[in-house]
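Coordinate inspection notes
The primary structure of each chain is shown beneath.
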Amino acid sequence: MDTENNLRIGLPSKGRLSEIAGDLLNQAGLRFRRQSRGLFARVGGLPIDLIFLRTDDIPTLCAEGAIDMGITGSDLVEEAGADVQLRMRLGVGRCRLAVCVPEDAPITSAAELDGKRIATSFPAITERYLAGFDAKAHLVSLTGSVEVMIQLGVADAIVDLVETGSTLAANRLRILDEIDSYETVLIQNDQCRDKATADRVVRRLEGVVIARDYSLLEYNIPRVKLADAETITPGFNSPTVNALEDKDWCSVRVMVQRKQVIDAMEQLEKLGASAIFETTLSNCRL
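Cut-offs and rules
Residues numbered from 1 in each chain as written. Predicted model: local features only at pLDDT ≥ 70, side-chain atom pairs only at ≥ 80, totals over all residues. Heavy atoms only, no water. Helix = DSSP H or I, 4+ residues; strand = E, 2+ residues; numbered from the N terminus. Buried < 20%, exposed > 50% of the residue type's maximum accessible area, 1.4 Å probe, protein only. Salt bridge = Lys/Arg side-chain N within 4 Å of Asp/Glu carboxyl O. 1 Å grid on protein atoms, 1.4 Å probe; cavity = no way out; pocket = protein on both sides within 12 Å on 5 of 7 lines; lining within 4 Å. Points joined across faces, edges and corners; volume = space filled by probe spheres on them. Nonpolar A, V, L, I, M, F, W, Y, C, P; charged D, E, K, R; others polar. Phe/Tyr/Trp six-rings, centres within 6.5 Å; stacked < 30°, edge-to-face > 60°. Lys NZ or Arg CZ within 6 Å of the ring centre and 35° of its normal. Axes fitted to C-alpha atoms, helices over the stretch in contact; angles between N-to-C directions. Parallel < 35°, antiparallel > 145°, perpendicular 65-115°, else oblique. Contact = heavy atoms within 4.5 Å. Pairing = 2+ DSSP bridges. Polar contact = N/O pair within 3.5 Å; in protein donor to acceptor, adjacent residues only side chain to side chain.

Residue position: Val101 is located in strand β6 (residues 95-102). By relative accessible area, which is 0% here, Val101 ends up buried. For the pair formed by Val101 and Arg172, sequence separation is 71 residues and the distance between their alpha carbons is 8.7 Å.

Now the structure itself:
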């Protein structure tokens, strides 16, 4: 089999993002087996090669054409300034990039960071951000442990990714400003060697990502109250309604956003619905 024109997808080689990417591909039916610490893997039944790379190298390698697609963080794409297509947001790995200063620091505005020392793993984003405040700082570029640099006397402030904020509290830091929000994304090179297969990959991943946001809700409802029930659960297009043996009742199956399921169940119960249950979706096509 000729593999020269196989679609090449770059995946993080290790860490939490590697696990996320692998799970997404497997759920989308892109099955592969990676040998221990191997750099390459073949997707079964499809003309796709997987290459395992450093997460922050994926945007650049995709822009340069070494790989056709890649799963990485949107923060890394922006930091690299990579000229790539954003094919889809994967809805996982969400975080914020924030400017943080000591809790007792008198700094109240980013403009006051002019001339200060800032430790960060995102020097390019930080420099562009500061330019918006006519501020210029001495940037200390690091690859990790940014949050301790103030205690070590290396920096007056940091720019770092924030998820829960617990690390900031542990290091007696507060958020001065949020630069932007980021998440895990699928990117693509403009000169992709197999655009048809790339589109197929996107469609499969869309089915997984959308399914994670929805549940299938099923319930029985008196037919005279069906219209009211449909205002609570209108569905993606419309509900599926089936007749029951008791002609005064009907059964409804409908997709509901997962975050709205509990509220919908309570409203339906109050309306008179019975046998209400939720089924988790693992994949779909809409």
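Right, picking up where we left off after that structure.
What follows deals with the pattern of salt bridges. For the coordinates displayed, the defined rule picks out 14 salt bridges. Arg89 is paired through a salt bridge with Glu183; the nearest N and O atoms lie 3.9 Å apart. With Arg89 in strand β5 (residues 85-89) and Glu183 in the loop between β10 (173-182) and β11 (184-188), this residue pair connects regions lying 94 residues apart in the sequence. Owing to a relative accessible area of 13%, Glu183 belongs among the buried residues under this scheme. Where Glu178 meets Arg96, a salt bridge forms, and the shortest distance between an N and an O atom there is 2.6 Å. Taken as a pair, Glu178 in strand β10 and Arg96 in strand β6 lie far apart in primary sequence, 82 residues in all. With a relative accessible area of 24%, Arg96 lands in the partly exposed category. Residues joined in a network through salt bridges with shared partners are Arg54, Asp56 and Asp57.

This paragraph deals with the layout of surface pockets. In this structure, the largest pocket encloses a volume near 970 Å³. Taken together, 28 residues form the lining of the largest pocket, with Thr55, Asp75, Leu76, Phe122 and Leu161 sitting closest to its centre. Going through the elements one at a time, α1 (16-27), α3 (74-80) and β9 (157-162) are the ones with two or more residues in the lining of the largest pocket. Among the residues making up the lining of the largest pocket, the classes are represented as nine nonpolar, 10 polar and nine charged.

The next point concerns the packing of aromatic side chains. Inspection of every chain in the model, using the stated rule, returns three aromatic pairs. Arranged with centres 6.1 Å apart and planes meeting at 75°, the rings of Tyr214 and Phe236 form a pair that is edge-to-face. With Tyr214 in strand β12 (residues 214-222) and Phe236 in the loop between α7 (226-232) and β13 (240-243), this pair connects stretches of sequence that are 22 residues apart. Residue Phe236 is classed as partly exposed on the basis of its relative accessible area, which comes to 42%. A cation over an aromatic ring shows up here: Arg34 above the ring of Phe52, its NZ or CZ 4.1 Å from the ring centre.

A word on the packing of α1 against helix α6 (residues 195-213). Following both chains from N to C, one finds α1 and α6 inclined at 105°, their axes separated by 8 Å at the closest point. The angle between the axes of α1 and α6 places the two elements in the roughly perpendicular class. Judged by residue contacts, Leu24, Leu25 and Gln27 of α1 engage Leu205, Val208, Val209 and Arg212 from α6. Considering only residue class, the contact of α1 with α6 consists of five nonpolar, one polar and one charged.

This part takes up the environment of Ile107. Within the secondary structure layout, Ile107 lies in the loop between β6 and β7 (117-120). Looking at Ile107, the relative accessible area reads 8%, which means it is buried.

With that settled, the discussion passes to the sheet that holds strand β1 (residues 7-12). One open sheet holds the six strands; their spatial order is β2-β3-β1-β4-β11-β5, and the pairing between them is mixed. Two strands bound the open sheet, and with one partner strand each, they are β2 (40-42) and β5. Across the sheet, the mean angle from the axis of one strand to that of its neighbour is 25°, orientation sign disregarded. Summarising the sheet, strand β4 (residues 69-73) and β11 pair through five bridges and their orientation is antiparallel. Residue pairing for β11: Gly73 is matched across the bridge by Thr184.

Glancing now at unusual backbone geometry. Positive phi, normally seen in glycine, also occurs at Asp134, with a value near 55°. Since its relative accessible area comes to 73%, Asp134 is described here as exposed. Backbone geometry places Ser145, a non-glycine residue, at a positive phi of 55°. Here Ser145 is to be found in the loop between β8 (138-141) and β9.

With that out of the way, let us pick up the side chain of Thr120. Structurally, Thr120 is set in strand β7. At 2.9 Å, the side chain of Thr120 and the backbone nitrogen of Phe122 are in polar contact. Beyond its immediate sequence surroundings of up to four residues, Thr120 is in contact with Thr126, Val140, Ser141, Leu142, Val146 and Val159.

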